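Structural description and commentary
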Amino acid sequence: MKNHLVEALNRQLASWNVLYTKLHNYHWNVTGADFFTLHLKFEEYYTEVATTIDQIAERILTINGRPLGTLKDYLEVSVVTEAVGTEQAKDMVATIASDFELLIEEANFVIEIAERENDESTGDMFIQIKTTLEQHTWMLKAYLG
């Protein structure tokens, strides 16, 4: 059964890596009245995402799995899609909020599998990740009105 957990973790790893690139894209390309606010917020998020990526990969290794490590693999497995490249500031925020919601759903799936596998450490890790994402989602939706 550990295979199912490693697969779910690798899907998370892939999704977080695609999100990392998307956040950089938005950070570099955001324009308009909210530039200063969003430029800094996207940087804050991609810095946080980098830490999460490392934690997920190391967790996969800890449970004797092998983390995915290529962009090709990430794009094939990720539930998060790449940025289009033409998004306006509010679209960027809405997309990130939606991506966070997808990651929350996937985190719930990881937590369920971890519970079945009696892997409290992985479950706890994803409860913390989920809690952070829920707060970020609330804030992004508040920004959008």
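Here is a short report on the structure shown in this document. (Residues numbered from 1 in each chain as written. Predicted model: local features only at pLDDT ≥ 70, side-chain atom pairs only at ≥ 80, totals over all residues. Heavy atoms only, no water.)

Take the pattern of salt bridges next. Within this structure, the stated rule accounts for six salt bridges. Put simply, Glu76 and Lys72 hold a salt bridge, and the shortest N to O gap is 2.9 Å. A residue pair is termed a helical-turn pair when its members lie 3 or 4 positions apart in one helix, as Glu76 and Lys72 do in helix 3 (residues 71-77) at four residues. In terms of burial, Glu76 and Lys72 fall into one category: exposed. (Salt bridge = Lys/Arg side-chain N within 4 Å of Asp/Glu carboxyl O. Helix = DSSP H or I, 4+ residues; strand = E, 2+ residues; numbered from the N terminus. Buried < 20%, exposed > 50% of the residue type's maximum accessible area, 1.4 Å probe, protein only.)

With that settled, the discussion passes to the side chain of Ser78. Here Ser78 is to be found in the loop between helix 3 and helix 4 (89-116). Judged by its relative accessible area of 15%, Ser78 is buried. Within polar-contact distance, the side chain of Ser78 engages the backbone oxygen of Val80 at 2.7 Å. In contact with Ser78, other than residues within four places in its own chain, are Ala14, Ser15 and Val18. (Polar contact = N/O pair within 3.5 Å; in protein donor to acceptor, adjacent residues only side chain to side chain. Contact = heavy atoms within 4.5 Å.)

Two elements in contact, helix 4 and helix 5 (residues 120-144), have axes separated by 9 Å at closest approach and are oriented at 160°. Here helix 4 lies roughly antiparallel to helix 5, going by the angle between them. Note that helix 4 runs across helix 5; the crossing there is left-handed. Of the residues that constitute the contact of helix 4 with helix 5, the class distribution is 17 nonpolar, five polar and five charged. (Axes fitted to C-alpha atoms, helices over the stretch in contact; angles between N-to-C directions. Parallel < 35°, antiparallel > 145°, perpendicular 65-115°, else oblique. Left-handed = near helix turned anticlockwise from the far one by under 90°. Nonpolar A, V, L, I, M, F, W, Y, C, P; charged D, E, K, R; others polar.)

Where helix 1 (residues 2-29) contacts helix 4, the axes come no closer than 10 Å and their chain directions differ by 165°. Comparing their axes, helix 4 and helix 1 come out roughly antiparallel. Seen along the crossing, helix 1 lies across helix 4 with a hand that is left-handed. Partitioning the contact of helix 1 with helix 4 into residue classes produces 16 nonpolar, five polar and four charged.

A few words on the environment of Ala14. With respect to the secondary-structure elements, Ala14 resides in helix 1. Once the C-alpha coordinates of Ala14 and Leu61 are considered, the two residues, 47 residues apart in sequence, prove to be 15 Å apart.

Its location among the elements puts Asn17 in helix 1. At a separation of 2.9 Å, a polar atom in the side chain of Asn17 contacts the main-chain carbonyl oxygen of Leu13.

One non-glycine residue, Asn64, lies in positive phi territory at about 70°. With respect to the helices, strands and loops of the structure, Asn64 is situated in the loop between helix 2 (35-62) and helix 3. The class for Asn64 is exposed, based on a relative accessible area of 73%. The backbone of Asn118 shows a phi angle near 55°, a positive value even though the residue is not glycine. Relative to the assigned elements, Asn118 resides in the loop between helix 4 and helix 5.

In this structure the tally under the stated criterion is four aromatic pairs. Ring centres of Tyr20 and Tyr46 lie 6.1 Å apart, and the angle between their planes is 85°; this geometry places the pair in the edge-to-face category. With Tyr20 in helix 1 and Tyr46 in helix 2, the pair connects residues that are 26 residues apart, well separated along the chain. Among the residues examined, Tyr46 registers a relative accessible area of 12% and is labelled buried. With 5.1 Å between their ring centres and 75° between their planes, Phe35 and Phe36 make a pair best called edge-to-face. Relative accessible area serves as the criterion here: at 26%, Phe35 is assigned to the partly exposed category. Classification of Phe36 by relative accessible area gives exposed; the value is 65%. The ring centre of Tyr143 lies 4.9 Å from the NZ or CZ of Lys90, which sits over that ring. (Phe/Tyr/Trp six-rings, centres within 6.5 Å; stacked < 30°, edge-to-face > 60°. Lys NZ or Arg CZ within 6 Å of the ring centre and 35° of its normal.)

By themselves, these are just geometric observations and shouldn't be taken as functional.
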